[in-house]
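# Geometric and topological summary
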Amino acid sequence: MQNNKVVLIVIDALRFDTACTHMGFLQHLVERKVAARYKICSEVPSLSRPLYETILTGTPPIVHGVTSNMTVRLSNQKSIFHVAKEHGLSTAASAYYWVSELYNRAPFSHMEDRLQLDRQLPIENGLFYFEDHYPDSHVFADAAWLMDQKQPDFLYIHPMNVDDDGHKFTADSAQYRNRVLSMDALLSLFIPKCMAQGYEVIVTADHGMTSDGNHGGTTHEDRHVPLFVISDFVKAGIKEGIISQLQIAPLCCHLLAIEPADDMVPLLLEGVFTAKEV
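What comes next is a walk through the structure. (Residues numbered from 1 in each chain as written. Predicted model: local features only at pLDDT ≥ 70, side-chain atom pairs only at ≥ 80, totals over all residues. Heavy atoms only, no water.)

### Points about the overall build of the protein chain
Counting secondary structure elements, the protein chain contains 11 helices and nine strands. Taking 19 Å as the expected radius of gyration for a compact globule of 278 residues, we find that the protein chain reaches 17 Å, a close match to that expectation. Overall size of the protein chain, expressed as C-alpha extent along the three principal axes, is 45 × 45 × 35 Å. By residue count, 60% of the 278 residues in the protein chain fall in the buried class. The long-range share in the protein chain, meaning contacts at least 24 apart out of those at least 6 apart in sequence, stands at 72%. Approximately 11300 Å² of the protein chain is accessible, and the part contributed by carbon and sulfur atoms is 50%. (Helix = DSSP H or I, 4+ residues; strand = E, 2+ residues; numbered from the N terminus. Rg over C-alpha atoms; globule rule 2.2 N^0.38 Å. Buried < 20%, exposed > 50% of the residue type's maximum accessible area, 1.4 Å probe, protein only. Contact = heavy atoms within 4.5 Å. Areas by Shrake-Rupley, 256 points an atom, 1.4 Å probe, with all protein chains shown as cover.)

### So, helix H2 (residues 24-31)
When we look at burial in H2, the residues that qualify are Phe25, Leu26, Gln27, Leu29 and Val30. Looking at the packing, one finds that the buried side of H2 touches strand S2 (36-41), helix H9 (174-196), strand S7 (200-204), strand S8 (224-230) and strand S9 (237-244).

### With respect to the side chain of arginine 223
Among the structural elements, arginine 223 can be located in helix H10 (residues 220-223). Buried charge arginine 223 goes without a salt bridge, the closest partner of opposite sign being glutamate 43 at 5.4 Å. Sequence-distant contacts of arginine 223, defined by excluding residues within four places in its chain, comprise Ile40, Cys41, Ser42, Glu43, Val44, Gly217 and Thr218. (Lys, Arg positive; Asp, Glu negative; His and termini not counted. Salt bridge = Lys/Arg side-chain N within 4 Å of Asp/Glu carboxyl O.)

### As for the nonpolar core
One finds Leu8, Ile9, Phe154, Tyr156, Leu187 and Phe190 to be the most contacted residues of the largest nonpolar core, which totals 89 residues. By residue number, the principal contributor to this core is H9, which donates eight residues. The contacts of tyrosine 156, once residues within four sequence positions are left out, are Leu8, Val10, Tyr52, Leu56, Phe81, Ala92, Ala93, Ser94, Ala95 and Val99. (Core = buried A, V, L, I, M, F, W, Y, C linked by side-chain atoms within 4.5 Å.)

### Thoughts on the pattern of salt bridges
All chains considered together, the criterion is met by nine salt bridges. A salt bridge links arginine 15 to aspartate 17, with the shortest nitrogen-to-oxygen separation between them at 2.6 Å. Aspartate 165 is the partner of arginine 179 in a salt bridge, and the nearest nitrogen-oxygen pair spans 2.8 Å. You can see arginine 179 sitting in helix H9 and its partner aspartate 165 sitting in helix H8 (residues 161-169), a full 14 residues away along the chain.

### Here's the deal with the side chain of histidine 158
Within the secondary structure layout, histidine 158 lies in the loop between strand S6 (154-157) and H8. On the accessibility criterion, histidine 158 (0% relative accessible area) is buried. Setting aside residues up to four positions removed in sequence, histidine 158 forms contacts with Val10, Asp12, Tyr52, Ser94, Ala95, Tyr96, Val99, Tyr129 and Val139.

Interpretation in functional terms is not warranted from these geometric data alone.
As structure tokens, this is what we get:
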């Protein structure tokens with residue numbers, strides 16, 4: 001039976017290769033046939049705000065128009081949050097404040113917008129932080145509160161410390177790799193909680209990080225990120241090839257058992273089942 005509840009975790013600046021070598025818990029789930037692992041090629045520019053919008057609306061920057069981190073405005077697209085609400089589902093997010101600026105209110109008011117509990121907004125229950133070093137452990141603690149107290153059908157989680165350490169120390173540093181290890185440890189606590197509460201779980205990233213300590217370009221280091229999916233509706237194991245980042249939004253809609261927005265691309269992901277096939 002389909003649960004129709006999804007947790008989408010977007011780990012800012014998590015490279016594909018580092019995820020494969022330093023996320024032992026997630027790899028354990030892949031090896032034990034609990035999770036599927038794909039390689040994604042992000043859209044470009046490989047920058048944060050444009051790719052938050054791409055992941056959540058399933059549209060490329062040339063369509064959604066958020067082409068820079070300096071583009072501060074509400075989205076003009078229909079996001080997963082909007083589609084979920086149209087189908088009577090509840091939404092929540094524990095995320096960086098740029099996500100609030102895309103879907104709830106822009107510009108963000110630091111003194112007023114950190115806690116947003118309003119059913120009229122696309123993100124009905126939002127706990128937003130605004131410092132890049134806000135601890136990932138707190139982001140997941142905030143998410144756990146949302147899960148326990150609000151029981152959202154769609155929960156979006158966005159931790160920032162991997163990106164923060166990548167910029168400070170570069171991707172070719174012990175600090176970056178150790179931060180990815182720490183993220184894996186947090187996921188080893190949080191993902192079982194999600195599974196126990198009946199959630200399908202998706203773990204991915206917006207973009208990668210280079211040995212120069214930046215991103216935004218077209219290299220594999222900039223663009224190749226992981227996609228892990230824990231769901232009875234996705235066949236477990238390692239998938240070959242490279243898939244488009246535009247597939248994430250329709251995948252979320254598929255697992256929520258709702259129709260995707262008109263501008264989302266068709267779901268063409270290897271190993272995805274329908275309800276009748278499970």
